[in-house]
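Commentary on secondary and tertiary structure
What follows is each chain in one-letter form.
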Amino acid sequence: MNKEELIPRVCVVKAIRQETSDVKTFMVVDQDGKKPFEHIPGQCAMLSIPGLGESMISITSSPTLEDHLEFSIKKVGVVTSFLHAIEPGQEILLRGPYGNGFPVDTKFKGKDLLFIAGGIGVAPLHSVINYCRAHRSDYGKLTVIYGSRTKEDLVDLQEMQEEWMKDDMDVYLTIDREEEGWDGHVGFVPNYVTELNLPPTMTAIICGPPIMIHFTLGNLKSLGFQDNQVFTTLEMRMKCGIGKCGRCNVGDKYVCKDGPVFSFDELSELPDEY
């Protein structure tokens, strides 16, 4: 591990974008106004506030974004609540990147890709989706299935409608229950996956609540997908990021060092606790 990845660096929140009532996207630069570091889609970074704590967050932006890093953060605890209360110009500490990222330049290359996300789970996939869009000729068909509780809880909805849906890709959105003003699909993500009946020749990437992942994987298998065709990220288990605290240990793996991205055939070799 590079020594620079271990030392927190002072960075600046350049701008903040409100995504939903409890999700904001933070654009972060170094003190010189440049991008703090390079990363691979799926990697994470540690954001910390002196005196309050630190939190491991997925890097939402694609590596192709040249001038800053982005983090889409849900308000859930002390650190994230503090971040949601700040204004642009606030200094924070940042270290990273951590993890192995998605195999965008190896196993994904030349494949039809199916991205399946629920709620804030779209944040880790945002980076890899936009990376694939930026290198469009390297991949086959791109398909996104994304769902949340309500229309107001759909993260990055404007970007999906104004960019992704107009790009060379299929985007399927769903919400859990009918509501006024929503004329799209209604239902849970795992069921929508079954309804769409997509070909099992695709490579699937899943991120969302554990229960969503569990049922989505089962439905993909019923469609003919094999474990080695399905990938997920376990970044929520990461704590220190450097394999020292043991919080992310599962069997003989450390999520922060061996993951957070795993294929399901790799996970099948681990204890059920993951």
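The preceding data block contains the structure.
To start, this report covers the structure provided alongside it. These numbers were taken from a predicted model, which means no experiment stands behind them.

The rules behind each value
Each residue is numbered by its place in its chain's sequence as written, counting from 1. Predicted model: local features are reported for residues with pLDDT of at least 70 only, side-chain atom pairs are reported and counted for 80 or more only, and whole-chain, interface and lining totals are derived from all residues. Hydrogen atoms and water are omitted, and side-chain values are computed over all heavy atoms in the structure. Salt bridge criterion: a side-chain nitrogen from Lys or Arg within 4 Å of a carboxyl oxygen from Asp or Glu. Numbered from the N terminus, helices here are DSSP runs of H or I no shorter than four residues, and strands are runs of E no shorter than two. For every residue, the accessible area (1.4 Å probe, protein chains only) is compared with the maximum for its type, and the residue is labelled buried under 20%, exposed over 50%, or partly exposed between those bounds. Throughout, the arc means the angular range of directions from the helix axis out to the C-beta atoms. What makes two residues a contact is simply this: any of their non-hydrogen atoms within 4.5 Å.

Evaluation of the coordinates by the stated rule reveals 13 salt bridges. Its salt-bridge partner being Asp-67, residue Lys-14 comes within 3.9 Å of it at the nearest N-O pair. Residue Lys-14 is found in strand S1 (residues 9-20), and its partner Asp-67 is found in the loop between strand S4 (53-58) and strand S5 (69-74); the two are separated by 53 residues along the sequence. By relative accessible area, Lys-14 is classed as partly exposed at 46%. A salt bridge links Asp-170 to Lys-141, with the nearest nitrogen and oxygen atoms 2.7 Å apart. Of this pair, Asp-170 sits in strand S9 (residues 170-175) while Lys-141 is found in the loop between helix H2 (122-134) and strand S8 (142-148), placing the two residues 29 residues apart along the sequence.

With that settled, the discussion passes to helix H1 (residues 78-85). Where H1 is concerned, the buried positions are Val-79, Thr-80, Leu-83 and His-84. Take H1 and look down its axis: the buried residues cluster within an arc of 135°, on one side only. Away from its buried face, by an angle of more than 90 degrees, H1 presents the exposed residues Val-78 and Ala-85. Buried residues belonging to H1 abut strand S2 (23-30), strand S3 (44-49), S4, S5 and strand S6 (91-98).

Okay, unusual backbone geometry next. Along the chain, Gly-96 connects to Pro-97 via a cis peptide bond; the corresponding omega equals 5°. By secondary structure assignment, the location of Pro-97 is in strand S6. Positive phi, normally seen in glycine, also occurs at Asp-156, with a value near 65°. As for its placement among the helices and strands, Asp-156 is situated in the loop between S8 and helix H3 (157-164). Within the chain, Asn-197 stands out as a residue other than glycine whose phi angle is a positive 50°.

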